[in-house]
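Each chain, letter by letter, is given below.
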Amino acid sequence: MTPRDPSTAASAIAILRAEAAAAQRALVNMETSPGHIVRAEACPGAGKTRTIVERHLMCPAGPRQGRALVSFTKVAGREIKKRCVDEGRPELAQFPHFIGTFDAFVWRHLLRPYLLPKPGKTWQRLEEWSDHPQARRDGASLDDFSFSYGGGVVRISDPQPIIHRLPHRFRRDEEGRQKLTLWAAAAMQRLWSQGYLSGDQLRDMALHLLSDVGRRKRIARVLRTRFCEIVIDESQDCSDDDLRIVDMLRELDMPLLLVGDPDQSIYGFRNLVPLTTTAVPETLSSTAPDHRLTHNWRSTQVICDLAHTLRTSNAPCDTAVGPYHAETTPILLLPTTGRKEAEWLGDFGAEAEQLSVPQSQRLVVAHGNSTLPKGLTGTRVPPSDQLGRLIWATAVLRSPGASTRHQERAHKVLRESVLRHWYGQPDTPEPVSLAHHGLSPLELHVVEQSVLRDLPMLDMHAAEWSRAAHRVLTAKAGLLGLAPQVRRAYPCKKNDKAAWRIVGFGAPSSPHLSVGRASTVHGVKGDQADAVLVVIPAAISEDNRSTDLIKAWTEGPVRELSGETREAIRVLYVAATRARCLLAFALEDEHLAMIAALLTRRGVPFRDLRESQQEQLRLSG
Ligand SMILES: Nc1ncnc2c1ncn2[C@@H]1O[C@H](COP(=O)(O)OP(=O)(O)OP(=O)(O)O)[C@@H](O)[C@H]1O
């Protein structure tokens, strides 16, 4: 084969990039109209968010009108606001525009203005139930239960524990679970009667309010005056309830643009409790999209080809057009059978090193937190005891490997520890406590930062760490002239252990940390890294899910798949498509052989590290 002329290659990529840019421009200029939903699909790395920002910059709203840019994570909203500011248009991130999460949009524009005040009840939205101290108990929270309607219009009755979310000790302890369920029923009734609501209740209330014709007309008038259109980013994350709300917005004559990638839909578990009301409108899922972006600005063509083997839809393979488009690094298959974690992590690190990928650009991901290498992430949820919570938050916030979601939770836990130290056990969520003590969110943020800086190193013995942390928190209170309520350091039973050990983190100096960041796939949605290692756990006799997943992947869409396996494939697809130039899979020998055969059949270049291992054995033998 004659090597390709570099000038031909350069003009070929220039043409592809021009096509990609034209497809993005078409989405920027796409017309929306009242009462219609325009749907655009985009492959991973297509620049969805970038294109939505461009639309916001280029297509002004009417006079005194704004645009609503709705996404599913706070990180995405922050990113859009930052881009507006970076482009020298900070006004586009402010009133009358709305940039925020779906939940915040529903709360601010469909619910809060129309809720009637009731004596003793102040309506408050919680991002998650665990933000309320009274919604937590024994390491569990109301988020770990599903509730049903019980004859009403809001899901607040008859809690059912979601077993895999509960702390391990409750999974086999039926009596403990029953007690916890009784507590959940009472806690939900109490908090609901005080006016607290979170995700499911928010949606139920919105759908209930919108079902009244008179109120619907009023809501429609207000929305149409305020917004020229509503754009929903990552629309594949809409649950069935969300889709019903979107369809009601269409009925209110709002122009709507939905941008998403159905192959990245990984929140099927949110449709846990089937609604007794109307079905999901078919027009939102089953019809062909109005536009599709098929150029990937993130990954190499090899990674795009691999991603195509994982696709559950019949969309064609994407075309790589980004800076790495022509790199030919093969997919790396790392055997885990009979090997220590440090060995296959070491293989990944060595490969990344060879490609000069810096540590911060090396990402290890898995579907479940428990599959991730021990010591990289600590426990997924904070411990329930006060000292454990404080150490956990410090460890997460000082760990280069923590995902954004982990960090957000750790910030909340640390701020709550500060408030608890100063004012005693809070029994209301943070905003309510702050208002009660006359402290602003900014003041608390500044204190949190300086506490984090001054808390001692985590390799100290836990008891000693507890005393030192107590001194830091007390000193900060002194600066504000406060006499703290917590007078003694938290007790510590595991006296002989270093602080980081009691929350499941690895030693701060461990070689494990050289792999960079580690996260569940859900925690890195929308994110990217130069090198990604996807860990697939070995099948065990009581859990065959990995084998089902590998079979589904290798046998393709011909097989009838269970909902769980279908979702697991999409999770794997999201994981693989985070990679820019190096993608590796760590998996047991049998699974590795199946994937190697699949990649051979599909012509995707790969390197099977079992071979170099055998080679080494032969040489040393
Ligand atoms: N027109 C473009 N020119 C250059 N780079 C681009 C362009 N569009 C997107 N990119 C880059 O491609 C990468 C992927 O973009 P982005 O993260 O917005 O994709 P996405 O569609 O949200 O992907 P995903 O759904 O997989 O998270 C980013 O680094 C972005 O800056």
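Residues numbered from 1 in each chain as written. Predicted model: local features only at pLDDT ≥ 70, side-chain atom pairs only at ≥ 80, totals over all residues. Heavy atoms only, no water.

- Per an unreviewed UniProt entry, the chain goes by UvrD-like helicase ATP-binding domain-containing protein and derives from Actinocorallia libanotica.

### Observations regarding helix α2 (residues 48-58)
For step 1, the next point in the chain: Burial analysis of α2 places 8 of its 11 residues in the buried class, which makes it a mostly covered element.
For step 2, the next point in the chain: If you check which residues of α2 are buried, you get Lys48, Thr49, Thr51, Ile52, Val53, Arg55, His56 and Leu57. (Buried < 20%, exposed > 50% of the residue type's maximum accessible area, 1.4 Å probe, protein only. Helix = DSSP H or I, 4+ residues; strand = E, 2+ residues; numbered from the N terminus.)

### Brief notes about the site of the ligand
For step 1, the next point in the chain: As a matter of local geometry, the ligand sits amid 14 residues, with Gln24, Gly45, Lys48, Arg298 and Arg578 nearest to it.
For step 2, the next point in the chain: Protein chains shield 82% of the accessible area of the ligand, which is 640 Å² for the free molecule.
For step 3, the next point in the chain: Broken down by element, the residue count for the shell around the ligand peaks at 3 residues, all from α2.
For step 4, the next point in the chain: Across the shell around the ligand, the residue classes break down as 3 nonpolar, 7 polar and 4 charged.
For step 5, the next point in the chain: When residues are assigned to domains, the shell around the ligand turns out to be shared by domain 1 (6-110 + 221-293) and domain 3 (301-375 + 510-620), each giving three or more. (Near = heavy atom within 4 Å. Areas by Shrake-Rupley, 256 points an atom, 1.4 Å probe, with all protein chains shown as cover. Nonpolar A, V, L, I, M, F, W, Y, C, P; charged D, E, K, R; others polar. Domains from an automatic or database assignment.)

### Quick notes on the pairing of strand β17 (residues 517-520)
For step 1, the next point in the chain: Here β17 shows a buried face lined by Arg517 and Ser519 and a second buried face lined by Ala518 and Thr520.
For step 2, the next point in the chain: Pairing between strand β16 (residues 362-366) and β17: 4 bridges, direction parallel. Within β17, the residue paired with Leu363 across the bridge is Arg517. (Pairing = 2+ DSSP bridges.)

### Brief notes about the sheet that holds strand β2 (residues 66-71)
For step 1, the next point in the chain: Spatially, the 6 strands line up as an open sheet ordered β3-β2-β10-β11-β1-β12, and their pairing is parallel. Edge positions in the sheet fall to β3 (98-101) and β12 (291-293), since each has one partner strand and no second. Here the average twist between neighbouring strands, direction ignored, is 15 degrees.
For step 2, the next point in the chain: With 4 bridges connecting them, β2 and β3 associate as parallel partners. (Axes fitted to C-alpha atoms, helices over the stretch in contact; angles between N-to-C directions.)

### What to know about the domain arrangement of the chain
For step 1, the next point in the chain: Examined at the domain level, the chain breaks down into domain 1 (6-110 + 221-293), domain 2 (128-197), domain 3 (301-375 + 510-620) and domain 4 (386-503).
For step 2, the next point in the chain: One C-alpha centre belongs to domain 2, the other to domain 3, and the line joining them spans 36 Å.

### Quick word on the sheet that holds strand β18 (residues 529-535)
For step 1, the next point in the chain: The 6 strands lie next to each other as β17-β16-β18-β19-β15-β20, forming an open sheet whose pairing is parallel. Each end of this open sheet is capped by a strand with a single partner; those strands are β17 and β20 (606-608). Each strand axis lies, on average, 20 degrees off the axis of its neighbour in the sheet, ignoring direction.
For step 2, the next point in the chain: Its contacts with the sheet put helix α10 (residues 301-310) on β15 (331-335) and β19 (579-587), and the angle it makes with β19 is roughly 50 degrees. (Contact = heavy atoms within 4.5 Å.)

### Considering a positive patch on the surface
For step 1, the next point in the chain: A surface patch of like charges, here positive, comprises Lys217, Arg218, Arg221 and Arg224.
For step 2, the next point in the chain: With respect to the element layout, Arg221 can be found in helix α8 (residues 213-226). (Patch = residues over 30% accessible without salt bridge, like charges linked within 9 Å, V, L, I, M, F, W, Y side chains within 5 Å. Salt bridge = Lys/Arg side-chain N within 4 Å of Asp/Glu carboxyl O. Lys, Arg positive; Asp, Glu negative; His and termini not counted. Charge placed at Lys NZ, Arg CZ, Asp CG, Glu CD.)

### What to know about the packing of aromatic side chains
For step 1, the next point in the chain: Scanning the model with the defined rule gives 6 aromatic pairs in all.
For step 2, the next point in the chain: Ring geometry for Phe98 against Phe105: centres 5.4 Å apart, planes inclined by 70 degrees, an arrangement best described as edge-to-face.
For step 3, the next point in the chain: Judged by centre distance (6.0 Å) and plane angle (45 degrees), the rings of Phe105 and Phe227 are tilted. Placement of Phe105 in helix α4 (residues 102-111) and of Phe227 in strand β10 (residues 227-233) is noted, with a sequence separation of 122 residues between them.
For step 4, the next point in the chain: With relative accessibility at 1%, the residue Phe227 sits in the buried group.
For step 5, the next point in the chain: Cluster of aromatic residues (ring-pair linked, three or more members): Phe98, Phe105 and Phe227. (Phe/Tyr/Trp six-rings, centres within 6.5 Å; stacked < 30°, edge-to-face > 60°.)

### Focus: the nonpolar core
For step 1, the next point in the chain: Of all hydrophobic cores here, the largest spans 57 residues; its most connected members are Phe105, Leu142, Leu223, Ile230, Ile232 and Leu249.
For step 2, the next point in the chain: Both domains that furnish three or more residues to this core are identified here as domain 1 (6-110 + 221-293) and domain 2 (128-197).
For step 3, the next point in the chain: In this structure, Leu249 is in contact with Phe105, Leu110, Leu223, Ile230, Met254 and Leu256, ignoring residues within four places of it in sequence.
For step 4, the next point in the chain: Counting residues in each nonpolar core, the second largest holds 40 residues, with Val302, Ala575, Ile595 and Ala596 among its members. (Core = buried A, V, L, I, M, F, W, Y, C linked by side-chain atoms within 4.5 Å.)

### So, the pattern of salt bridges
For step 1, the next point in the chain: All chains considered together, the criterion is met by 42 salt bridges.
For step 2, the next point in the chain: In this structure, Glu127 engages Lys74 in a salt bridge whose closest nitrogen and oxygen atoms are separated by 3.2 Å. With Glu127 in the loop between β4 (124-125) and β5 (136-137) and Lys74 in helix α3 (residues 74-86), the pair connects residues that are 53 residues apart, well separated along the chain.
For step 3, the next point in the chain: On the basis of relative accessible area, Glu127 is assigned to the partly exposed category, the value being 39%.
For step 4, the next point in the chain: Between Arg545 and Asp543 there is a salt bridge, and its shortest N-O distance comes to 2.9 Å.
For step 5, the next point in the chain: Members of the salt-bridge network, linked through shared partners, are Lys74, Glu127, Glu128, Asp131, Arg409 and Lys412.

### Re helix α19 (residues 589-602)
For step 1, the next point in the chain: In a regular helix each residue adds 1.5 Å, so 14 residues correspond to 20 Å; α19 covers 20 Å between its end C-alpha atoms and thus fits that length.
For step 2, the next point in the chain: Among the residues of α19, His591, Leu592, Ile595, Ala596, Leu598 and Leu599 are the ones counted as buried. Around the axis of α19, the buried residues are gathered within 165 degrees of arc, so they sit on the same side. Every exposed residue of α19 that faces more than 90 degrees away from the buried side is listed here: Glu590, Thr600 and Arg601.
For step 3, the next point in the chain: Just downstream of α19 lies Gly603, where phi reads positive at about 70 degrees. (Expected span 1.5 Å × (residues − 1). Arc of directions from axis to C-beta.)

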